[in-house]
Amino acid sequence: MIDKNQSVVVVGAGLMGTGIAHAFAGSGFPTRLVDSNGQALEKALQNIHAILDGGVKLGKLAPDLAEAAKARLTIHTSLADGAPGASLLVETVSENLAVKKAVLAEAVPLLLEDALVATNTSALSVTEIAASVQRPERVIGMHFFNPVHKMKLVELVLGIATDAATVARTRAWVDAIGKTSILVNESPGLTTSRMSAMLGNEAMWMLQEGTASAEDIDTALRMGFNHPMGPLELGDLTGWDTRLSVLRYLHATLGEKFRPCPLIIKMVAAGRHGRKTGHGVYQYDAAGQRVAGSGLKASNL
C-alpha cells in the first residue's frame, strides 16, 4: 500500500503530463505539475478540471471528491518549487534524450532520498536516461497511454540497473491509481509503441497510396479489430511530430520496416501535427472537435 500523504511531481504539462497528473491527484495523492511554460500549465489545469467535472456530470464521481482532487493538484513553473520532498517523479517532457537527462539531473537532488524516478518515454533508452542520476537502480520507465484517464495500461520498462525493489514499489504506485502494469525489458519502442508506430505508419502509407479514405481506414480498425480509435485518429491525438520522432528512432535502431512514410514528413513540415495544431489528417475546430468530412484523401496529396 502507498501512503496517500506521499507527493508526486509530474514534469511536463503536455497531453501526457496532464493525464498523469490527473491520475495521481484523482487517486488521492498530493500532485505537483511542473512546466516552464505558464500557459501550458494553465491549459493543463483547465483540462484536468474539465475531466473531473465531466466525471461528476456523468455520475461517475461525487462532487466533493472532484473538488478534493482539484485541491490536491498544484502547478509550478520551476523544479525548485515543484520537486522538493516528492516521493515519486514522473518525467514526461519531449522525446529528446538530452532534455530528459537535464530534467532528471536537476530534479533528483530535490526529491526524497529514496524517491522513485520514472520516465514516460515511449521509445528512448531508460538505461541512458538513468545514467544522468546517482543510484540509477531507482530509475524505471513508467509508460502511460493516451488518454490517460481512459486507458488502463502502464508499461514498466526495466533499464539495465533497475532493481527488484524499484519494480515492486512502482507496481504498488500503479495499483494505487487503479491501473494495470506489465513488465518490459528495455528495447526500442517497447511493446505497444513499436506496434502502434508500425500500425500508424502503414495507415499513412495506405492513405498516401489511395487505398482508402482516412475515415474508412480508421473505421476498418475500429470496427474490424475493435480498436477504440483508428490509427490516423490516434496519430492526430498523439501528434505527428511525436510520431515522426519515434519512427525515426525506430528506423535508426530496428531497420527499414520503420522507415517513416513521406506523408508524415510532409505533414510535420507543414505544421499539420494533429489536434494540438487544429489540423492533421483531420481538421479540428476551436473546441478540439473533429470537423466532419475533413479527412485527407489521395486527391489532396
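Keep in mind that this is a model prediction, so the values were computed, not measured.

(A) Seen up close, unusual backbone geometry. Cis geometry is adopted by the peptide bond preceding proline 147, which originates at asparagine 146 and carries an omega value of -5°. A positive phi angle, close to 55°, is found at arginine 135, a residue other than glycine. In this structure, arginine 135 sits in the loop between helix H6 (126–130) and strand S6 (139–143). The phi torsion at asparagine 226 lies on the positive side, around 65°, for a residue other than glycine. With respect to the helices and strands, the residue asparagine 226 is situated in the loop between helix H9 (214–225) and helix H10 (231–238).

(B) Molecular detail of the pairing of strand S2 (residues 31–34). In S2, alternate side chains face the same way, and those of Thr31 and Leu33 on one face and Arg32 and Val34 on the other are all buried. Relative to S2, strand S1 (residues 8–11) is paired through 4 bridges, and the arrangement is parallel. Note on S2: the bridge partner recorded for valine 8 is threonine 31.

(C) The arrangement of the packing of H10 against helix H11 (residues 240–254) in detail. Put simply, H10 and H11 touch, their axes get as near as 6 Å, and they point 100° apart. Considered as vectors, H10 and H11 are oriented roughly perpendicular to each other. Contacts from Pro231, Leu232, Leu234, Gly235, Asp236 and Thr238 of H10 reach H11 at Trp240, Thr242 and Arg243. Residue classes in the contact of H10 with H11 are distributed as 4 nonpolar, 3 polar and 2 charged.

(D) Layout of the environment of proline 231. Of note, proline 231 is situated in helix H10. When near neighbours in sequence (up to four residues on either side) are disregarded, proline 231 contacts Leu199, Gly200, Ala203, Ile217, Asp218, Leu221 and Trp240.

(E) Just helix H7 (residues 164–176), in detail. Between the first and last C-alpha of H7 there are 19 Å, a value that for 13 residues agrees with the 18 Å anticipated at 1.5 Å per step. Within H7, the full set of buried residues consists of Thr166, Val167, Thr170, Trp173 and Val174. Projected down its long axis, H7 carries its buried residues within an arc of 125°, all on one side. Away from its buried face, by an angle of more than 90 degrees, H7 presents the exposed residues Ala164 and Asp175.

(F) Focus on the pattern of salt bridges. The final tally for this structure, using the stated rule, is 9 salt bridges. When salt bridges with common partners are traced through the structure, they connect Asp53, Glu67 and Lys70 into a single cluster.

(G) Representation of the packing of helix H8 (residues 192–209) against H10. One way to put it is that H8 packs onto H10 with a least axis distance of 9 Å and a crossing angle of 115°. The angle between H8 and H10 places the two elements in the roughly perpendicular class. By crossing handedness, the relation of H8 to H10 is classed as left-handed. Residues Ser196, Leu199, Gly200, Ala203, Met204 and Leu207 of H8 lie in contact with H10, whose contacting residues are Pro231, Leu232 and Leu234. For the contact of H8 with H10, the per-class residue count stands at 7 nonpolar, 2 polar and no charged.

Each value, and the rule that gives it
Residues numbered from 1 in each chain as written. Predicted model: local features only at pLDDT ≥ 70, side-chain atom pairs only at ≥ 80, totals over all residues. Heavy atoms only, no water. Helix = DSSP H or I, 4+ residues; strand = E, 2+ residues; numbered from the N terminus. Buried < 20%, exposed > 50% of the residue type's maximum accessible area, 1.4 Å probe, protein only. Pairing = 2+ DSSP bridges. Axes fitted to C-alpha atoms, helices over the stretch in contact; angles between N-to-C directions. Parallel < 35°, antiparallel > 145°, perpendicular 65-115°, else oblique. Contact = heavy atoms within 4.5 Å. Nonpolar A, V, L, I, M, F, W, Y, C, P; charged D, E, K, R; others polar. Expected span 1.5 Å × (residues − 1). Arc of directions from axis to C-beta. Salt bridge = Lys/Arg side-chain N within 4 Å of Asp/Glu carboxyl O. Left-handed = near helix turned anticlockwise from the far one by under 90°.

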